[in-house]
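Structural description and commentary
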Amino acid sequence: MSGVTTTPLTAAAALFDLDGTLIDSEPRSQELWRRLFAAHDIALTPALLASFGGRRSADVIAEHLHRFGPGPTPDDLRADLRRLDEETGLPEVRLKRGARTLLTRLRDAGIPTALVTSGGLTYATHHLTRLEIDHFTTLVTADDVTRGKPDPEGYLLACRRLGVDPRQALVFEDSTAGIQAARAGGAACIAVGDPGPAAAAETLAVVHDLADTPEIRPAVGTAYQDVAKAGSLPRDTTEN
C-alpha cells in the first residue's frame, strides 16, 4: 500500500525501529561505512551501501568480510567502526520530526511501546538518553538476538516481553530488512520515508515521517502466550 491513511488504526502495542525511523542517523551511518571501506581501499557502490540499511553491523561485516582480504577479523572491523565514529566531520544524529509527539500520544493512550533496533544496547541508550526519549516499555537490541533483521526474532521477542500477539502489534520501520522482519513476525507495518516500492507494498501505509502517522487507538490484544501455545508463531523463537 502507498500513501497516508487518515483512518484511525488500532494496536495492542507499537514497535519502533531506531535508525532512520525515530532518529535521523542514516547519513552518519552511511558515512561511517564509506570511511571504513575507503580505509581498506575497497569500492563501495551506492547499491551495496543501501543494502546495509536496517541491519546489524555484525551481520554486514560477516557477509562482506571476504572483501577485506585475509588480514582483518570481524572484531577488528567493528573496532574500526567505533574509532571512525569518534572522528570529526560526521553528520549529526537528530530526532526525526513527529517522533516525540507520537511516542507521547501512544503513552497517553495506554499503548505499550518497544524499541527494536539493529544497534547494540550502548548505542541505543546513548541516543535515547541524549535525545531525552524515555517512553519505551522495553528495548530489544542487537545484543538480545541471535538473528538480526530481516529475521523476525527481535519483533517477536518484543511482543513476548509486552505480552501481546504479534498480529495485534503495529511496527514502524524505514528499511526493507526491517519491514521484512515485521511482516515475517505477523505484525502490520507502517513504512517511514521511502523504503522502495516492493517493501512499501508489504505495509499498511507509507508516511513521510512520524508526524504524518494517523490516530492509533488501543486494541485488546491476544496474549502472546496463548498464540505461542496454539503454534501459530514462526520458527522456534517462542523459546529464545
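For the structure itself, consult the block above.
Residues numbered from 1 in each chain as written. Predicted model: local features only at pLDDT ≥ 70, side-chain atom pairs only at ≥ 80, totals over all residues. Heavy atoms only, no water.

Helices and strands together make up the secondary structure of the protein, namely 10 helices and 10 strands. Within the protein, buried positions represent 49% of all 240 residues. In the protein, the share of contacts with a sequence separation of at least 24, taken over all contacts with a separation of at least 6, comes to 68%. When the accessible surface of the protein is summed, it comes to about 11,300 Å², and 51% of that surface belongs to carbon and sulfur atoms. (Helix = DSSP H or I, 4+ residues; strand = E, 2+ residues; numbered from the N terminus. Buried < 20%, exposed > 50% of the residue type's maximum accessible area, 1.4 Å probe, protein only. Contact = heavy atoms within 4.5 Å. Areas by Shrake-Rupley, 256 points an atom, 1.4 Å probe, with all protein chains shown as cover.)

Moving on, we get to the packing of aromatic side chains. For the coordinates displayed, the defined rule picks out 5 aromatic pairs. An angle of 70° between the planes, with centres 5.1 Å apart, marks the rings of Phe37 and Phe68 as edge-to-face. You can see Phe37 sitting in helix α1 (residues 26-39) and its partner Phe68 sitting in the loop between α3 (57-64) and α4 (74-84), a full 31 residues away along the chain. Neither residue differs from the other here; Phe37 and Phe68 are each classed as buried. Taken together, the ring pairs connect Trp33, Phe37, Phe52 and Phe68 into an aromatic cluster. (Phe/Tyr/Trp six-rings, centres within 6.5 Å; stacked < 30°, edge-to-face > 60°.)

Cis rather than trans, the peptide bond between Lys149 and Pro150 has omega equal to 20°. One can find Pro150 in the loop between β6 (138-140) and α7 (153-162). Positive phi values are uncommon outside glycine, yet Asp41 reaches one of about 55°. Within the secondary structure, Asp41 sits in the loop between α1 and α2 (46-50). Judged by relative accessible area, Asp41 falls into the exposed class, the value being 74%. The phi angle at Glu132 is positive, at roughly 60°, despite the residue not being glycine. Its place among the elements puts Glu132 in the loop between α6 (121-130) and β6.

Right, let's talk about the nonpolar core for a bit. If you look at the biggest cluster of nonpolar residues, it comprises 26 residues, and the most contacted ones within it are Phe16, Leu22, Phe136, Phe172, Leu210 and Ile216. Those elements that place two or more of their residues in this core are β1 (9-11), β2 (13-16), α5 (99-108), α6, β7 (169-173) and β8 (188-192). When residues no more than four places from it in sequence are discounted, the contact partners of Phe136 are Phe16, Leu22, Leu103, Thr113, Ala114, Leu115 and Leu128. In this structure, Ala13, Leu15, Ala169 and Val206 belong to the second largest nonpolar core, which totals 24 residues. (Core = buried A, V, L, I, M, F, W, Y, C linked by side-chain atoms within 4.5 Å.)

What follows is about the pattern of salt bridges. What the rule picks out here adds up to 18 salt bridges. In this structure, Arg55 engages Glu63 in a salt bridge whose closest nitrogen and oxygen atoms are separated by 2.7 Å. In this structure, the salt-bridge partner of Arg147 is Asp151, at a minimum N-O distance of 3.1 Å. The partly exposed category is assigned to Arg147, whose relative accessible area is 28%. When salt bridges that share partners are traced, they join Glu31, Arg34, Arg35 and Glu87 into one network. (Salt bridge = Lys/Arg side-chain N within 4 Å of Asp/Glu carboxyl O.)

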